[in-house]
Amino acid sequence: MASIEITNARKSYGAVDVLHGINLDIQDGEFIVLVGPSGCGKSTLLRMIAGLEEITSGDIAIGGNVVNDLQPKDRDIAMVFQSYALYPHMTVAENMSYALTLRKTAKEKVSAAIDNVAGILGLNALLQRRPKALSGGQRQRVAMGRAIVRQPQAFLFDEPLSNLDARLREQMRTEIRKLHRRLGATSVYVTHDQIEAMTMADRIVAMYDGIVQQVGTPLEIYDRPANIFVASFIGSPAMNFLTGTYQATGNTAAMTLDDGTVIPVLATPNASNGQKVTLGARPEHIDIVENGSVPSVTANVDLIEPMGLSTLVHVTLAGKPVKIFTLARPDLAIDSTVQIAFNMDKTHLFDSESELRLPPASEPHSSQPA
Amino acid sequence: MDGDKPVTNMTDVGKRPAARRGVFSRRLSGILEPYYYVSPAVVLIIAVMLMPLILGLSYAFRDIRILNPFSGGFVGLAHFQALMHDSAFLGALINTAWWTFGSLAFQFTLGLVLALLLNRQFAGRRLVQALVFLPWAVPTFLSGLNWAWMFNPVVGPLPHWLTSLGIMDTPFNILSDPDLAMWGPIIANIWFGIPFFAITLLAALQSIPGELYEAASIDGATTRQQFVSITIPFLAPTIAITLMLRTIWIANFADLIVVMTKGGPADSTQIVASYIFTQAFRRLDFGYASAIAAVLLVLLLAYALGVIALRRAMTHADS
């Protein structure tokens, strides 16, 4: 196992810059998830670590050795592809042993390794089958097995669960997590699915437009997003955003929405009076309240989505759609009005211009915007 | 659309009069109905495929010589007995094998190399791909004439080049040397047939997912190992089917030989297909020509069945 250090890595295709100087330190044994919308450069970064894409400038080191000019096979990494990339003409056992056979590993060692990994992944009964005779989940497992057999320094996953149905994806998510705990291997996992990122990562690397937006543990990213992009990308249902101006008097502050509605917020030393700001509130941080019980604002009910465990209420506030998540089952009529209150301690303020988060005065400096 | 209406059987509605005539005739017309629909196609197939085949085969057992008004009688197996002792025919059989497999081996190997080259990214690739296809588009008679001239020391450059390279002592026409003449049409055929293999194999190459090569390169496979364990298995079905089709096609393909050497000198380039042509259109002995054609048909059928059996055995072993 090994650490991976990425220093100022850039990638350009001709005049098009895909990655603008990525810096990332991945600890030995860490499970890192690169997450972002398609086209953000996360797969390119992974393929650069694997050696499938050349590095335009900068360095990538695995286990302390710069691997920029090494062939993929000499980097001692294993990769699981989205399409699994199983060799269709080989049996499951041959697929898993291919790398070892190429390295001229002794036959007994190979079969012992295959048996061991097949046992871990529950593939014993399938060893003599060919990939086309397997289900999607089984193929996924074989692809994992092929990676594990080699005992590489690091595992690279390129959206490995995207081709599975929702239930299987959930199941494989926990399996990969357990496997990681068992093997303790450094892993870099690429996904566009923020739920996978949240549930699997030791640390999340949120990427957008070829730039690392934020690096942090899932809860750090969730609770203190560095900017509007991270705030909107992580979390489902997504965060609500309302624009307005910031106004502080002494230790109390408020923002005035575009239609004049006033919402109390935590004072921040980083904003000045009259500054254009964006309020970010997660659906679970907005409450439906009785009239007059707490400072509240009036919104119109658009839609109610009962989900059994919870209810998602869609309302309109200051002309903007706002989603409210509640474990209660509110008795609301569509097109009626409702009083809602923002949980001031949990809402975020962002500078509308730079889109960066404006941390409140009360917050210790712990988040690390990139 | 209208849920209240009971579902009606349109066929029965259309057959009201028949229905009145009774159960039997109604059932009979029901059985015959599908055949009415396919009959135009069946009639066409019988007219343009089966009739000529049967007619041609029947000629093999009859004495049909165009210039002899008294010919046309049934001769039984006489043509086939004559064939057994026809040294020109036996020579043509050997030449056919030489011609077919000599052309095929080079067409396939060079076509595969060309396909692998065209599968790489380079500037002007689309143009080159289009140009590569050109020999295939040239009418075979034209390419035959062209190659015949190229081998001719009076008008063509090839003998002079070969002499300069030291391969020939003096410039001469290999088409007039019984030992070398077959190479003339074979070279022309190679030039003509490479595009077919290049294009079909290129299509097969492009259907191989790139991630397999990436996975293999991570697994540590060299380019050669990737070729053996990914490219070849993926190309195998295409290779098998194209080789079989082209074998049959080349064995029957006499155009280049007829144009370049007319089977000569001294029958040294006579293949079965050109021998049929010679018998039918020079000696005007259609009966004997048909008998040879029948033998060629049987040989190629046997070959095709053999290849199909082999392929089936291989795919069974596969699954």
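Residues numbered from 1 in each chain as written. Chains lettered and ligands numbered in written order. Predicted model: local features only at pLDDT ≥ 70, side-chain atom pairs only at ≥ 80, totals over all residues. Heavy atoms only, no water.

**Quick word on the sheet that holds strand β14 (residues 276-281) of chain A**
Residues and elements named next belong to chain A.
Thinking step 1. If you walk across this open sheet you meet the five strands as β13-β12-β11-β14-β20, and the pairing is antiparallel. Across the chains shown, the open sheet's two edge strands, defined by having one partner strand only, are β13 (262-266) and β20 (348-351). Shown here is a sheet whose adjacent strand axes are inclined to one another by a mean of 45°, direction ignored. (Pairing = 2+ DSSP bridges. Helix = DSSP H or I, 4+ residues; strand = E, 2+ residues; numbered from the N terminus. Axes fitted to C-alpha atoms, helices over the stretch in contact; angles between N-to-C directions.)

**Details of the pairing of strand β9 (residues 203-208) of chain A**
All names here are of chain A.
Thinking step 1. Across the six residues that make up β9, a large majority, five, are buried.
Thinking step 2. In the sheet, strand β3 (residues 31-35) pairs with β9 via four bridges, with the strands oriented parallel. Counterpart to I32 in the pairing with β9 is R203.
Thinking step 3. Pairing geometry for β9 and strand β10 (residues 211-216), over five bridges, is antiparallel. (Buried < 20%, exposed > 50% of the residue type's maximum accessible area, 1.4 Å probe, protein only.)

**Re empty space enclosed by the protein**
All names here are of chain A.
Thinking step 1. One pass over the full model with this rule turns up two cavities of 30 Å³ or more.
Thinking step 2. Along the wall of the largest cavity there are 13 residues; nearest its centre are F155, F157, L179, H180 and L183.
Thinking step 3. If you tally residues by element for the lining of the largest cavity, the top one is helix α5 (residues 166-183), at four residues.
Thinking step 4. Among the residues making up the lining of the largest cavity, the classes are represented as 10 nonpolar, three polar and no charged.
Thinking step 5. Approximately 70 Å³ is the volume found for the second largest cavity. (1 Å grid on protein atoms, 1.4 Å probe; cavity = no way out; pocket = protein on both sides within 12 Å on 5 of 7 lines; lining within 4 Å. Points joined across faces, edges and corners; volume = space filled by probe spheres on them. Nonpolar A, V, L, I, M, F, W, Y, C, P; charged D, E, K, R; others polar.)

**A word on the domain arrangement of chain B**
All names here are of chain B.
Thinking step 1. Each assigned domain of chain B is listed with its residue range as follows: domain 1 (2-59) and domain 2 (79-318).
Thinking step 2. Taking only C-alpha atoms into account, the centre of domain 1 sits 45 Å from that of domain 2.
Thinking step 3. The partner domain 2 presents six residues to the four residues of domain 1 that form the contact.
Thinking step 4. A buried area of about 310 Å², summed over both sides, lies between domain 1 and domain 2, and 74% of it is on carbon and sulfur atoms.
Thinking step 5. Our count for the contact surface shared by domain 1 and domain 2 stands at zero salt bridges. (Domains from an automatic or database assignment. Contact = heavy atoms within 4.5 Å. Buried area = accessible area lost by both parts, 1.4 Å probe. Salt bridge = Lys/Arg side-chain N within 4 Å of Asp/Glu carboxyl O.)

**Let's talk about the nonpolar core**
Thinking step 1. Residues A:I6, A:I22 and B:W99 are the most contacted members of the largest nonpolar core, which totals 82 residues.
Thinking step 2. Per-element accounting of this core gives the leading share, 12 residues, to helix α10 (residues 183-206) of chain B.
Thinking step 3. For B:W99, the contacting residues outside a window of four places in its chain are B:M182, B:P185, B:I186, B:N189, B:I250, B:F253, B:L256, B:I257 and B:I271.
Thinking step 4. By size, the runner-up hydrophobic cluster in this structure holds 47 residues, among which are A:A113, A:A143, A:I148 and A:Y189. (Core = buried A, V, L, I, M, F, W, Y, C linked by side-chain atoms within 4.5 Å.)

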